[in-house]
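Take a look at the letters that make up each chain.
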Amino acid sequence: MSLIDSISLPRSIRLPRANGLIQWIVPLTIIAIWQAASVTGFMPTRVLPAPSDVVLSGWKLLLSGELVRNIWVSFWRASIGFLIGGSIGFAFGLANGLSQLSAKLTDTTLQMVRNVPHLALIPLVILWFGIDESAKLFLVALGVFFPIYLNTLHGIRTVDPQLIEMGRIYGMTDGELFRRVIFPGALPSIFVGIRFALGIMWLTLIVAETIAASSGLGYMAMQAREFMLIDVVVLSILIYALLGKLADSASRVLERLTLSWHPAFQKR
Amino acid sequence: MQTALRTSLPETELASRANFAPHARVVREERPLHASGLPLSIRGLRKSFGDNEVLRGIDLHIPAGQFVAIVGKSGCGKSTLLRLIAGLEKIDAGSISFGQDIQPEDIRVMFQEPRLLPWARVLANVEVGLGRDRASGDAHARAEKALIEVGLADKRDQWPSVLSGGQKQRVALGRALVSRPRVLAFDEPLGALDALTRISMQRLLERVWRDQGFTAILVTHDVSEAVALADRVLVIEEGRIAHDVTVNAARPRQRGSAELAGLEGSILSHLLSADDRT
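Scoring rules and cut-offs
Residues numbered from 1 in each chain as written. Chains lettered and ligands numbered in written order. Predicted model: local features only at pLDDT ≥ 70, side-chain atom pairs only at ≥ 80, totals over all residues. Axes fitted to C-alpha atoms, helices over the stretch in contact; angles between N-to-C directions. Helix = DSSP H or I, 4+ residues; strand = E, 2+ residues; numbered from the N terminus. Parallel < 35°, antiparallel > 145°, perpendicular 65-115°, else oblique. Contact = placed C-beta atoms within 7 Å. Nonpolar A, V, L, I, M, F, W, Y, C, P; charged D, E, K, R; others polar. Core = buried A, V, L, I, M, F, W, Y, C linked by C-beta atoms within 7 Å. Buried ≥ 20, exposed ≤ 12 C-beta atoms within 10 Å, placed from the backbone. Domains from an automatic or database assignment. Pairing = 2+ DSSP bridges. Right-handed = clockwise from strand over helix to strand, strands pointing away. UniProt positions renumbered as here; feature names shortened; annotations may be inferred. Left-handed = near helix turned anticlockwise from the far one by under 90°. Expected span 1.5 Å × (residues − 1).

### Re the packing of helix 2 (residues 51–64) of chain A against helix 10 (residues 230–258) of chain A
Residue and element names in this part refer to chain A.
- At a closest axis distance of 9 Å, the pairing of helix 2 and helix 10 adopts a crossing angle of 85°. Classed by the angle they form, the pair helix 2 and helix 10 counts as roughly perpendicular. Each of Asp53, Val54, Ser57 and Gly58 in helix 2 lies in contact with helix 10, whose residues at this interface are Asp231, Val232, Val234, Leu235 and Leu238.
- A per-class count over the contact of helix 2 with helix 10 returns five nonpolar, two polar and two charged.

What follows is the structure, given as structure tokens:
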């Protein structure tokens, strides 16, 4: 459960405890209808292959090792880019949230850069880095930077000043004040930033790999298009969806673990 | 029972009154000998925010262990006086002295809001109050003792968000008490509570004050609360002490007794007459 959609609903419309199953009803139904449509010939396989064909081609690619290799390459790019961009964004968020001087010095510049769509830099990035790994990492890091920067900054600035005053009265040093009051107070907002950033991370990676790459899921999809392997194209798209869902779930688990104090995460 | 209503008594006379008033002595003798309060001397205290002069020369002596309530209309400077005593604001002119060198742990403040860390469990919140002793080995034991004092020992492992308003305020009181302060300043600590919780909190405040003997300074807008708890009620008007009222009723006090009600009425009429003049 995330922070936003776990805000308590009135009793009458809250779903029963079978939450774990309920969320899969809609995707499974869609797949069943899709399979039926393909089998009956209602939907031509040139438009969309049957789910069973997609699974079959996935199996073949899995056996050849190609699928695992491409997923691994994409996953690696996503994580490293996320780590680089996320840490820099977090560092700037901290610095500008805690220091007026730092905020005056860099915030305006960062806000200007933020308004440039980072994907618009692709031509420039290709000129700089070629279609090398660093091009993808640069784009992902840049895309991830801003949501994490903005939400970290917002989180720190909105920590209750009364709590900070309380910490000072009780003799907390600057370090303690940060560790015990400011950082935990900013954490919910930082998690919002992380979840936004995860979305941007996949988006950026797909675009970058589709345009300029020699490996990865986006490359696999583009290659398949060249050879009219529509089942592989659909497979790539589905894997992207799965990976996105996985990243989101991971961040939710982390959120749950670190924000167990938050009323939204307590058992009702 | 006499009630003394005077306007801006000189400090020395105030001190002697507190020392020699027979009823005040009875109150003091009821308390254990380890009474640890600090006396407080304030001279010519002034404070402005911009062009707005909030305190215009406060002279005040509070004997060790006295329970003083400060009442007044909103904006009269009562909270500012408390924040200056607690060291939360800088003094413009004048002085506040405690008669000796003090440690930060000697003075504690309790606010209208509990100001608990939502991400720390109740016991950890109380440990915050230990100040520099937080890291010491007996921090847990001391915090637990403070929790027992405020009657919340069974909530030690709860998050603050599951507590009621009164319970949160009791945790805040435990946090303020855990370092055994010698001066405890209350800034409308019961202002946000419902009437019943408020009365039980007043009893708790009175009990811990009598047990521990700290000097208590209570800012409140509730005159009946002031006369129920305090040895002495100060009425502040326009940045000065306008009235200094000694409350001699024996403790534990009967809420709603004719004596307290009469005193409350006379203080209220002072506050209201000041209103009429302006």
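Okay, back to it.
### Observations regarding the nonpolar core
- A:Met201, B:Ile70, B:Leu218, B:Ala230 and B:Val233 are the most contacted members of the largest nonpolar core, which has 126 residues in total.
- If you count residues domain by domain, this core takes at least three from each of domain 1 (4–102 + 182–277) and domain 2 (116–181) of chain B.
- Residues in contact with B:Ala230, not counting those within four places in the same chain, are B:Phe67, B:Val68, B:Ala69, B:Leu218 and B:Val247.

### With respect to the pairing of strand 7 (residues 183–187) of chain B
Residues and elements named next belong to chain B.
- With five of five residues buried, strand 7 is to be regarded as a mostly interior element.
- By the alternation rule, side chains of strand 7 split into Val183, Ala185 and Asp187 and Leu184 and Phe186, which are all buried.
- For strand 6 (residues 107–110) and strand 7, the ladder comprises four bridges, and the chain directions are parallel. Along strand 7, the bridge assignment pairs Ile107 with Val183.
- In this structure, strand 7 lies alongside strand 8 (residues 215–219), joined through five bridges in parallel fashion. What sits directly across from Val183, in strand 8, is Thr215.
- Handedness of the crossover joining strand 7 and strand 8 through helix 7 (residues 195–212): right-handed.

### Overview of unusual backbone geometry
- Positive phi is not limited to glycine here, since A:Met228 has a value of about 60°.
- Relative to the elements of secondary structure, A:Met228 occurs in the loop between helix 9 (217–226) and helix 10.
- Non-glycine residue B:Glu238 carries a positive phi angle of around 45°.
- In this fold, B:Glu238 is placed in the loop between strand 9 (232–237) and strand 10 (240–246).
- Accessibility expressed as a C-beta count within 10 Å gives 16 for B:Glu238, which makes it partly exposed.

### Topic: the UniProt feature "transmembrane region" (unreviewed entry) in chain A
Residues and elements named next belong to chain A.
- Listed under "transmembrane region" (unreviewed entry) in the UniProt record, and renumbered for this structure, are residues 21–43, 71–94, 115–131, 137–156, 177–194, 200–220 and 227–247.
- In the segment residues 71–94, helix accounts for 100% and strand for 0%; the C-alpha atoms at its two ends are 33 Å apart.
- Secondary structure across residues 115–131 comprises 47% helix and 0% strand; the distance between its end C-alpha atoms is 25 Å.

### A word on the interface of chain B and chain A
- With 15 residues of chain B at the contact, the number on the chain A side is twelve residues.
- Class assignment for the residues of the side of chain B that touches chain A results in nine nonpolar, three polar and three charged.

### Quick word on the packing of helix 3 (residues 66–98) of chain A against helix 6 (residues 133–157) of chain A
- One can describe the packing of helix 3 of chain A onto helix 6 of chain A by two numbers: an axis separation of 6 Å at closest approach and a directional angle of 35°. In the packing of helix 3 of chain A onto helix 6 of chain A, the handedness of the crossing is right-handed.

### Structural notes on the UniProt feature "domain: ABC transmembrane type-1" (unreviewed entry) in chain A
- When the UniProt feature table is mapped onto this chain numbering, "domain: ABC transmembrane type-1" (unreviewed entry) sits at residues 67–248 of chain A.
- Along residues 67–248 of chain A, the helical share is 86% and the strand share 0%, with 22 Å between the first and last C-alpha atoms.

### Some words on helix 6 (residues 165–177) of chain B
All names here are of chain B.
- In this model, helix 6 (13 residues) spans 18 Å end to end at C-alpha, consistent with the 18 Å of a helix rising 1.5 Å per residue.
- For helix 6, the tally of buried residues reaches ten of 13 residues, placing the bulk of the element in the interior.
- By the burial criterion, the buried members of helix 6 are Lys168, Gln169, Arg170, Val171, Ala172, Leu173, Gly174, Arg175, Ala176 and Leu177.
- On its buried face, helix 6 sits against strand 6, helix 4 (122–128), helix 5 (139–149), strand 7 and helix 7.

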